[in-house]
Amino acid sequence: MRNKIYAVIAILFCFAMSKGCIDDYMKGDDNSNIAKYETMLADNSKTTARLRDVFKEVTVKIMKVPVKSYEFTYDYTVEGVSYSGEHTLSELPKTTDLEVYYLKSDHSFSIVDPKSRLENEKENGWAKNPLYWAIGWGVLGIGVLLNFIFELRENRG
């Protein structure tokens, strides 16, 4: 009985993982962000922002080597209205000034490097890894399901 419960849990787990990977694949690129980044670059709508004095230092280990990054909040003004945004730097800046791009139709949407983000979004849209993982989890789930069915038939007969 216990083995049957484990098999059902394994089947559900495999299909849930497959579904999650399919959802990631189907999401792909974020077309609204791509349009925003392209508009920012075409309009060349940028201003100078000021980094706040308070920031968050984040350290992660990559292959046992600590890598630091610094999460800043910045403030900028467009047409007399103040806005803020967030940006992560790999090293402490030498100046508090930062050039940011903003969306002319929504001044509160800003980013430091829309060209890089645009390239990343487009690349993510073409990435096939989630699809391959979905297929792998699905095949594994089907294998576990078939094995479960064969065991049920053997135990009946």
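Numbers given for residues are sequential positions, taken from 1 along each chain in its written order. Confidence filtering applies because this is a predicted model: local features only for residues at pLDDT of at least 70, side-chain atom pairs given and counted only at 80 or more, and all residues used for totals across whole chains, interfaces and linings. To obtain the side-chain values, all non-hydrogen atoms of the structure were included, while hydrogens and water were left out.

A few words now on unusual backbone geometry. Its identity as a non-glycine residue notwithstanding, Met63 has a phi of 55 degrees, on the positive side. Within the element layout of this structure, Met63 appears in the loop between strand S1 (46–62) and strand S2 (65–78). Going along the chain from the N terminus, every DSSP run of H or I of four or more residues is numbered as a helix, and every run of E of two or more is numbered as a strand.

In spatial order, the strands read S3-S2-S1-S4-S5; together these 5 strands make up an open sheet with antiparallel pairing. A single partner strand is all that each edge strand has here, and the edge strands are strand S3 (81–89) and strand S5 (106–111). Along the sheet, successive strands turn relative to each other by an average axial angle of 40 degrees, direction set aside. Here strand S4 (residues 97–103) pairs with S5 via 3 bridges, running antiparallel. Bridge pairing in S5 places Leu103 opposite Asp106. At least two bridges found by DSSP between two strands is the condition for calling them paired. All axes are obtained by fitting lines to C-alpha atoms, using only the stretch in contact for helices, and the reported angles, taken between N-to-C directions, cover 0 to 180 degrees.

We call a set of buried residues a nonpolar core when its members are Ala, Val, Leu, Ile, Met, Phe, Trp, Tyr or Cys and they connect through side-chain atoms within 4.5 Å of each other. Each residue gets one of three labels from its accessible area relative to the maximum for its type: buried under 20%, exposed over 50%, partly exposed in between, using a 1.4 Å probe on protein chains only. Within the largest apolar cluster, 13 residues are counted, with the highest numbers of intra-cluster contacts made by Leu51, Tyr74, Tyr76, Leu98 and Val100. Elements with a contribution of two residues or more to this core: S1, S2, S3 and S4. No other element matches S2, which puts 5 residues into this core. Contact between two residues is taken to exist if any of their heavy atoms lie within 4.5 Å; hydrogens are not considered. Here Leu98 is in contact with Thr47, Thr48, Ala49, Leu51, Tyr74, His87 and Val112, once residues within four sequence places are set aside. Within the second largest apolar cluster, 8 residues are counted, among which are Tyr37, Met40, Leu103 and Phe109.

With that settled, the discussion passes to the pattern of salt bridges. What counts as a salt bridge is simple: a side-chain nitrogen of Lys or Arg found within 4 Å of a carboxyl oxygen of Asp or Glu. In the structure shown here, the tally under the stated rule is 5 salt bridges. The shortest N-O distance in the salt bridge between Asp23 and Lys19 comes to 2.9 Å. Of the two residues, Asp23 and Lys19 are both situated in helix H1 (residues 2–27); the distance of 4 residues between them amounts to about one turn of the helix. Of the charged contacts, one joins Asp97 and Arg50 as a salt bridge, the two residues approaching to 2.8 Å between their closest N and O atoms. Of the two residues, Asp97 sits in strand S4 while Arg50 sits in strand S1, which places them 47 residues apart along the sequence. Looking at Asp97, the relative accessible area reads 35%, which means it is partly exposed. Using a relative accessible area of 47% as the deciding quantity, one classes Arg50 as partly exposed.

Attention now goes to the confidence of the model for the chain. Predicted coordinates in regions of low pLDDT should not be interpreted in detail. For the chain, mean pLDDT is 88; residues scoring 70 or higher make up 93% of the total. Summary of the metric used: pLDDT quantifies the predictor's per-residue confidence within the range 0 to 100. Element-level pLDDT for the chain is lowest in helix H3 (residues 114–126), with a mean of 79, against a maximum mean of 96 in S4.

Let's shift gears to a nonpolar patch on the surface. What goes into a patch is any residue over 30% in relative accessible area without a salt bridge, connected to like charges within 9 Å or, for nonpolar side chains (Val, Leu, Ile, Met, Phe, Trp, Tyr), within 5 Å. Residue exposure ignores everything except the shown protein chains as possible cover, and the areas themselves are Shrake-Rupley values with a 1.4 Å probe. A surface patch of nonpolar side chains, about 490 Å² in accessible area, is lined by Phe15, Ile142, Leu145, Leu146, Ile149 and Phe150. For the nonpolar patch, the leading source of residues is helix H4 (residues 129–156), giving 5 residues. Following the sequence through the fold, Ile149 ends up in helix H4.

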